[in-house]
Every structure is written in C-alpha cells, then in structure tokens.
Amino acid sequence: MTLIRSVSLRRVLDSRGNSTVEADVLTESGGFGRAAAPSGASTGEYEAIELPTGEAIAAARQHAVPRLIGEVHAGNQRDVDAALHAADGTDDFSEIGANSAVAISMAAAKAGADVLGAPLYQHLGGTFRGDNFPIPLGNVVGGGEHAKEATHIQEFLAAPVGAPSVSEAVFANAAVHDRIGALLDERGIAAGKGDEGAWAPPIDDATAFELVAEATDDVADDVGFDIGIGLDVAASELYDADDEVYRYGDVERTPAEQVDYIADLVSEYDLAYVEDPVEENDFDGFADLTARVGDRTVLCGDDLFVTNVDRLQRGIDEGAGNAILVKPNQIGTLSDAVDAVELATRNGLQAVVSHRSGETEDATIAHLAVATDAPFIKTGTVGGERTAKLNELIRIAEDAV
Ligand SMILES: O=C(O)[C@@H](CO)OP(=O)(O)O
Ligand SMILES: [Mg+2]
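In the nomenclature of an unreviewed UniProt entry, the protein chain corresponds to Enolase from the organism Haloplanus rubicundus. Checking UniProt for the protein chain, the heading Function (unreviewed entry) contains the comment "Catalyzes the reversible conversion of 2-phosphoglycerate (2-PG) into phosphoenolpyruvate (PEP). It is essential for the degradation of carbohydrates via glycolysis." Recorded in UniProt under Catalytic activity (unreviewed entry), the annotation for the protein chain is "(2R)-2-phosphoglycerate = phosphoenolpyruvate + H2O".

Next up, the structure:
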C-alpha cells in the first residue's frame, strides 16, 4: 500500500530568501507527503553536507529516486532511509546532499502517515509513545551568526519550564518577546530582528541578560508559572582556534576562562539551559562544565554532537553534556535523528528537537518531538516559519491534526 510511486524535487524559498529542497512523495495507493529541508548559518564542522540546491536535486534524482520508486514502502521509514544512504554511499551525504536526503526522508514519513490515515507523530512514535509534550525554548534576543552588530551570544531563550501546557508555554514565550520589545523601546534602543525572529539590538551581552531577566520575571508574574532563561552560546563561532581564545568583541577568554564564565552565568542567572557553551572539539571543557553545573542545568551539545550517534557516544563516555540537540538535517534522515534521541534517552541525556536558522513552513520537527517524547523543542518564538511549528504543537496537543 505504501510502495513509493513517485518522488518530485523542487527548489523553494526558505525564510532567509535562499533556495532549499522540497520533496513530494506519492505512494501507489495515493498517499502523499511533502517536506522541505531547513538550513543552518552557525553550522557545525561535523554536520552532514548540504549541497547547493540545484546540485542536491540533480544528484538525488540520479542516485536516490530510482532506488525508491517501486522499490521501497514509504511506511517503512528505516527502508526509505537505508535506500537514501545506499544511494549516497558516503558517511556525510556529500553525494546527494543532506538537504535532498532530509527532504525525501521527511516527505516519505508524511506519505506513510497519510496512507495510514494517522497524524505524523503517531506514525513515527507509535501508539505506546509517552504522552508528554516538549517545552518550547523560544529565542527572544540574539546575535552571533544570526544578526550582525548584536549580542555575541547567539541566542537568549525563554524557557517556560513551569508551564502547565504547550499552549501556555508558546504564548508565554511570545509575551516575553513582546515585553523585551517594549523594554528596548523604553530605553530608546532601536532593534531589528535576526534570522529566527529574535530581537537583534546593538547591545552587549550583559545588557541582554538584564533585559531578558526583567522580561521573563514580568511575564512569569503575569502568567503565574516559572520562566527560566536559556542560552545558545554557539561558542564555536566565537572561538579562534589559532590563538586558542574565545573572542567576545574586545574581550578574550581562554578555554579555561570560558568554562568559568559559563559556570558563573549558570549561577548568576539560574540558567535553565545552555547550548554549546564551548567549541565543538572541546569534549574536555564540556565534561568539566558538566561536572561543575550539570546537576543544575541542561547542558546541550549542538555543534558538539551534530545529531551523530558516534559523537554522542563519545560525549556519553566522557561525561560531556547532559542533553543533545536533534536537527534532522544535521545527520540527513529521520531514522538517524531518532537513533540519536534513543541513544541519548537510554543514557539519561535529554533530547532537544530543533529548527535551523533558515526554515520553511515545514512542521515535521513538532511531530518528531512529540513522537520521541523529547522534553524540549527549540523552534523560535515569532515569525511564520517558527509559528508553523508552534501552532502545529498546539494542534497536536488538542488532537486536532
Ligand atoms: O545553532 C543553532 O542551534 C541553530 C538553530 O537555532 O542555528 P543554525 O541553524 O544557524 O545552526
Ligand atoms: Mg546551536
């Protein structure tokens, strides 16, 4: 029933105005799935390879599509993803592009769900999955690679850890975003927005902490539940490997000072979440920080782990981090992404399913987070390509998809 009849690939726009790959998968029985690849700006060195859109489409048409049509059932995600790996033949999808691979992988999953008449999260998670919902981490102020002349730390996140429901969490994050806009206004600071819709004001990190702390406190008082602060330091982007220092503008920190700095921030702001506090090769620094503050906060590896089970296993062995960011396009298929979540969960690490800075209206990650029982999802706060996921979460929570 779910045998794949056709796979179409096309160039569509992403939220930055760049092109990306969209895939349509149709099954013999008329099941249909459509999905598009996201794209990073602060990409990790060890991510699967995103090819230029045209190249990725041409290569996938030549190598992957013939292995799927009439050969593989869309309802069997492992077979779909194995066919993509076989068609590519490399470790990093450098032949067909992780952008083509992930678009096809996600579109096939949706086609499989369509044939079953089930929502995607049920198809992926099965009926015996847990019934928890992820806490959305919402980017409210940011800079780094996502906005020039703004903060050095890439993302300041609202973390509504006390929210009684997904919907209340989503609206709390939007309220924090709105409150920060008002605080910036009061201070006469003009601010545009970065790639993910967070405010990107020309302020230093200390001022950003002040504003975010005030806004999260104000909104927490209004809504009556706890809203913590999270960070994506994206430290690889601050690190100068030649001089072995982190550069925050004119301020330099050695790797040891970086660990101290983050540990101090965790204490000072009672941070609920810290992603990529040190650069992507520094498992030792990550482990040091985990030993120091891992009992008090979520320490999440993004560029460190790149959704890759081998790198995650190293982190587990060395005690580096207690959470993994899960981005399907970092590894190329849904099966690989689910493997990463399962390895993490088996070893007591938390999974944080995540968007990329370049996104589309595709809402697959909302379903993936629910299907895998992930405790967190990171998918922005405002902007259509971000609300596509947040609103889908609200619908899933209401059984309305
Ligand atoms: O670093 C990150 O976590 C992501 C998403 O917020 O950014 P990018 O997609 O640019 O890698
Ligand atoms: Mg990150």
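S.K.: Where do I start with the nonpolar core in this structure?
M.R.: Across soluble globular proteins, nonpolar side chains have a tendency to be buried as a group. One finds Leu9, Leu68 and Ile180 to be the most contacted residues of the largest nonpolar core, which totals 115 residues. It is helix α4 (residues 98–116) that provides the largest number of residues to this core, a total of eleven residues. Each of domain 1 (4–117) and domain 2 (135–397) accounts for three or more of the residues forming this core. In this structure, Leu9 is in contact with Val21, Glu22, Ala23, Ile57, Ala60, Arg61, Val65 and Ile104, ignoring residues within four places of it in sequence. Core analysis: the second largest hydrophobic core is formed by eleven residues, Leu137, Val298, Leu325 and Val352 among them.

S.K.: Looking at this model, I keep getting lost on the UniProt feature "active site" (unreviewed entry) in the protein chain. Mind explaining?
M.R.: UniProt annotation of "active site" (unreviewed entry) refers to Glu196 and Lys327 when read in the numbering used here. Among the annotated residues just listed, those lining the second largest cavity are Glu196 and Lys327. Summarising the element assignment, Glu196 is placed in the loop between β6 (192–193) and β7 (199–200). Dropping the residues within four chain positions of it, Glu196 is found in contact with Asn139, His146, Glu155, His355, Arg356, Ser357, Val382 and Arg386. A distance of 2.8 Å separates the side chain of Glu196 from the side chain of Asn139, its partner in a polar contact. Mapped onto the secondary structure, Lys327 falls in the loop between β14 (323–326) and α11 (328–331). The class of Lys327 is buried, set by a relative accessible area of 5%. Excluding residues that lie within four positions of it along the chain, Lys327 makes contacts with Asp302, Thr307, Ser354, His355 and Arg356. At 2.8 Å, the side chain of Lys327 and the side chain of Asp302 are in polar contact.

About the cut-offs
- Residues numbered from 1 in each chain as written.
- Chains lettered and ligands numbered in written order.
- Predicted model: local features only at pLDDT ≥ 70, side-chain atom pairs only at ≥ 80, totals over all residues.
- Heavy atoms only, no water.
- UniProt positions renumbered as here; feature names shortened; annotations may be inferred.
- Core = buried A, V, L, I, M, F, W, Y, C linked by side-chain atoms within 4.5 Å.
- Buried < 20%, exposed > 50% of the residue type's maximum accessible area, 1.4 Å probe, protein only.
- Helix = DSSP H or I, 4+ residues; strand = E, 2+ residues; numbered from the N terminus.
- Domains from an automatic or database assignment.
- Contact = heavy atoms within 4.5 Å.
- 1 Å grid on protein atoms, 1.4 Å probe; cavity = no way out; pocket = protein on both sides within 12 Å on 5 of 7 lines; lining within 4 Å.
- Polar contact = N/O pair within 3.5 Å; in protein donor to acceptor, adjacent residues only side chain to side chain.

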